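Chain by chain, the residues:
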Amino acid sequence: MDIAIIGGGAAGFMAAIVARRTNPASKVTIFERAQKVLAKVEITGGGRCNVTNSFAAITDMKQAYPRGHKLMKRLMKTFSYEDTYRWFEQHGVPLVTQEDECVFPKAQDSHAIINCLVRQVNELGVTICCRHHLVNIHRMEDGRLKLEFENGSHRVFHRTIITTGGSPNGRGLQYLAQLGHDIEPPVPSLFTFNIKDRAFCDLMGTVVEPVVTTIPGTKLRAKGPLLVTHWGVSGPAVLKLSSYAARLLAENDYKAPLAISWTGELTRQEVEENLLKLQTANPRKQVATLHPFGLPSRLWVYILSKLDIDAVKPWAEIGRKTLNRMIETLVNDQYTIACKGDFRDEFVTCGGVSLSSVNSKTLESKVCPNLFFAGEVLDIDAITGGFNLQAAWTTGVVAGQCAAGS
């Protein structure tokens, strides 16, 4: 059996390894359009490679996977995050779990993962062909698939697994649409927010943890650290929200209101009680010198300025009306998203091959037998924290096993 893997990323390598082991008599070839394989794995996690997540903070798969959570819940029964952890450790890559539940190689270097995957495919005799860009697939009468590449070459395979990753636009998936697959229009996910507020952006470098970000008028919310940048806001609380709101923001040209609770999940009543205690205990202290809830002093001074509160005023002189405005800003500070942040190397897309076009047990195409899918080319994407790579490992294993089966 000849098996083609289209895409030399995380899902592609895992699919190739598993396919070869499932059917040792098979011949497996990875085709990558770029000059080198696993380029995205190299930069993920800031070059340290966030392999997976412990899922300890996840109570509902939808929290981690805004798109594809039902499918991921099913497929993780075949290859879970615990399986991922064991697999890499058994193949010579010790892992560590951070306090935020993100899992990294102990070496804190993505090359530990890359070298492991490359070593495995080499030992198994998998062929790697770079600079091969697939442009078309033809179904043959005997069930095999004829693959046409941009360089004019063509090859025929018994089974093919598409692992090309996210496509920045629908054009890259046109050949799959022509075969009869439904395509969910790709839009960016996991991006930062531009905020046109010079005074706020002057706080660049300020980190607040934890905050809760929301899109007013919706149920979309995210919790985590927030980083103020020279263009707006970033950090997990923003990246998660961008993932949850990917479709909504795309439909609104990335212009939307943004609310930030600087006090995390504390209620208005809890914030009020804390401020009243602070005021009672420090009546003569200047407002700016005591920043509540552990807020960075620069942020607290900015909030006071925003509320037109004199920073040197004693706490005892803060009246009820001013205190209410202070509480409102702390739990519901309002901004406007002007646009999304610039293109990032760690680009993730929402959209791809519709899950309605794929068998949920095998990841085989419903319209083109012997064609399988794995990774971000499917309409599966996740929040930041190792969840996208886990989807790659899981779908790669399932597609590899099923494609190599009899």
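First things first, this report covers the structure right here in the doc. Since the model is a prediction, treat every value here as computed from it, not as a measurement. (Residues numbered from 1 in each chain as written. Predicted model: local features only at pLDDT ≥ 70, side-chain atom pairs only at ≥ 80, totals over all residues. Heavy atoms only, no water.)

### Quick look at the overall build of the protein chain
Regarding its fold elements, the protein chain presents 14 helices and 20 strands. Expressed along its principal axes, the backbone C-alpha trace of the protein chain runs to roughly 85 × 40 × 35 Å. Every one of the 406 residues in the protein chain was classed for burial, and the buried ones make up 51%. Of the contacts made within the protein chain by residues no fewer than 6 positions apart, 73% connect residues no fewer than 24 positions apart. (Helix = DSSP H or I, 4+ residues; strand = E, 2+ residues; numbered from the N terminus. Buried < 20%, exposed > 50% of the residue type's maximum accessible area, 1.4 Å probe, protein only. Contact = heavy atoms within 4.5 Å.)

### Focus on the pattern of salt bridges
Across all of its chains, the model carries twelve salt bridges by this definition. Glu272 is the salt-bridge partner of Arg320, the closest N and O atoms lying 2.5 Å from each other. Placement of the pair is Arg320 in helix H13 (residues 320–331) and Glu272 in helix H11 (residues 268–281), with a sequence separation of 48 residues. In this structure Arg320 comes out as partly exposed when scored by relative accessible area, which is 43%. Where salt bridges share partners, they join Arg221, Lys223 and Glu265 into one cluster. (Salt bridge = Lys/Arg side-chain N within 4 Å of Asp/Glu carboxyl O.)

### Things to note about the environment of Thr213
Structurally, Thr213 is set in strand S13 (residues 207–214). Residues Thr213 and Val96, 117 residues apart in the sequence, show an inter-C-alpha distance of 29 Å. When neighbours within four sequence positions are excluded, Thr213 is seen to be in contact with Leu220, Arg221, Ala222, Leu226, Ala237, Leu241, Leu258, Ala259 and Ile260. Polar side-chain contacts of Thr213 include one of 2.7 Å to the backbone oxygen of Ala237. (Polar contact = N/O pair within 3.5 Å; in protein donor to acceptor, adjacent residues only side chain to side chain.)

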